[in-house]
Amino acid sequence: MLLLTLVFSLGEASSEEWRSYLNGRFGISVDVPAEFQAQEAPTNDDGRLFSSVTSGASLLVFGAYNVFDQSPAAYLSELVSSPDVFTSVEYQRQGRDWIVASGFLGDDIVYQKTVFSCGGEVLSTLILTYPKSDKTRMDPVVTRVSKSLKAGRGYGTPDGC
């Protein structure tokens, strides 16, 4: 009984251990599982890569300016046709100011969400990559991370946009 309680407690604790990441340059925020360790920030501070300490999963969060002035539809079309991102796409969807795509790249599942803000000038993106064998464990992580993504406003334009 003690072992069952301990196992249940560990499972419960790990599902509640999250922290928030806020990107200083673009103002993007997202929830990150505690098991994901932040890697060194790039010199331009446009985002951060987080790597799981227990599996081959990674979370990349970054901002960018929409220098090609792409609509969500054009961005999604280009994304899902890129063999460097997906070898097959299983799900894609877009809204007025966001896109989501999910599929496979080799033996990994890739989930990407991008939110367009500041009239489409700023792109806030998260990309979760993990082994197919971790799908069941990662499904709730994908849901929480995706729902927690808050678009950034960038800098250098009126009112932060």
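Before reading on, note that the structure itself is shown above.
Treat the numbers as computed from the prediction; the structure is a model and nothing was measured.

Colleague: Please set out the sheet that holds strand β9 (residues 122–131) residue by residue, giving values where relevant.
Modeller: Taken in spatial order, the 7 strands of this open sheet run β3-β4-β5-β9-β8-β7-β6, and their pairing is antiparallel. Looking at the sheet topology across the chains shown, the edges are occupied by β3 (36–38) and β6 (88–94). Sheet twist, expressed as the mean angle between neighbouring strand axes with direction ignored, is 15°. Across 6 bridges, the pairing between β6 and strand β7 (residues 98–105) is antiparallel. Among the inter-strand pairings, Q94 is bridged to a residue of β7, identified as I99. Against the sheet, helix α3 (residues 135–148) makes contact with β3, β4 (47–52), β5 (58–65), β8 (108–117) and β9, and its axis sits at roughly 170° relative to β9, the strand it touches most.

Colleague: Can you break down the nonpolar core residue by residue, with the values?
Modeller: Grouped burial of nonpolar side chains is what soluble globular proteins tend to show. Grouped together as the largest cluster of nonpolar side chains are 26 residues, with contacts concentrated most on V30, F36, L59, V61, L126, L128 and V145. When residues of this core are traced back to their parent elements, those giving at least two are β1 (18–22), β2 (29–33), β5, β8, β9 and α3. Look past the residues within four positions of L126 in its chain and what remains in contact with it is V30, L59, L60, V61, Y111, Q112, K113, V145, S146 and L149. Membership of the second largest hydrophobic core comes to 11 residues, among which are V80, I99, F116 and L123.

Thresholds applied
- Residue numbers here run from 1 along each chain, matching the order of that chain's written sequence.
- Confidence filtering applies because this is a predicted model: local features only for residues at pLDDT of at least 70, side-chain atom pairs given and counted only at 80 or more, and all residues used for totals across whole chains, interfaces and linings.
- Heavy atoms throughout the structure, all of them, feed into the side-chain values; hydrogens and water do not.
- The rule for pairing is simple: two strands pair if DSSP sees at least two bridges between them.
- Helix numbering and strand numbering both begin at the N terminus, where a helix is a DSSP run of H or I of at least 4 residues and a strand a DSSP run of E of at least 2.
- Axis definition: a line fitted to C-alpha atoms, over the contacting stretch in the case of helices. Angles run 0 to 180 degrees between N-to-C directions.
- Here a residue-residue contact requires only that any non-hydrogen atoms of the pair lie within 4.5 Å.
- Buried Ala, Val, Leu, Ile, Met, Phe, Trp, Tyr and Cys residues that are joined via side-chain atoms within 4.5 Å together make up what is termed a nonpolar core.
- Classification of residues uses two cut-offs on accessible area relative to the type maximum, computed with a 1.4 Å probe and protein chains only: under 20% is buried, over 50% is exposed, and between them is partly exposed.

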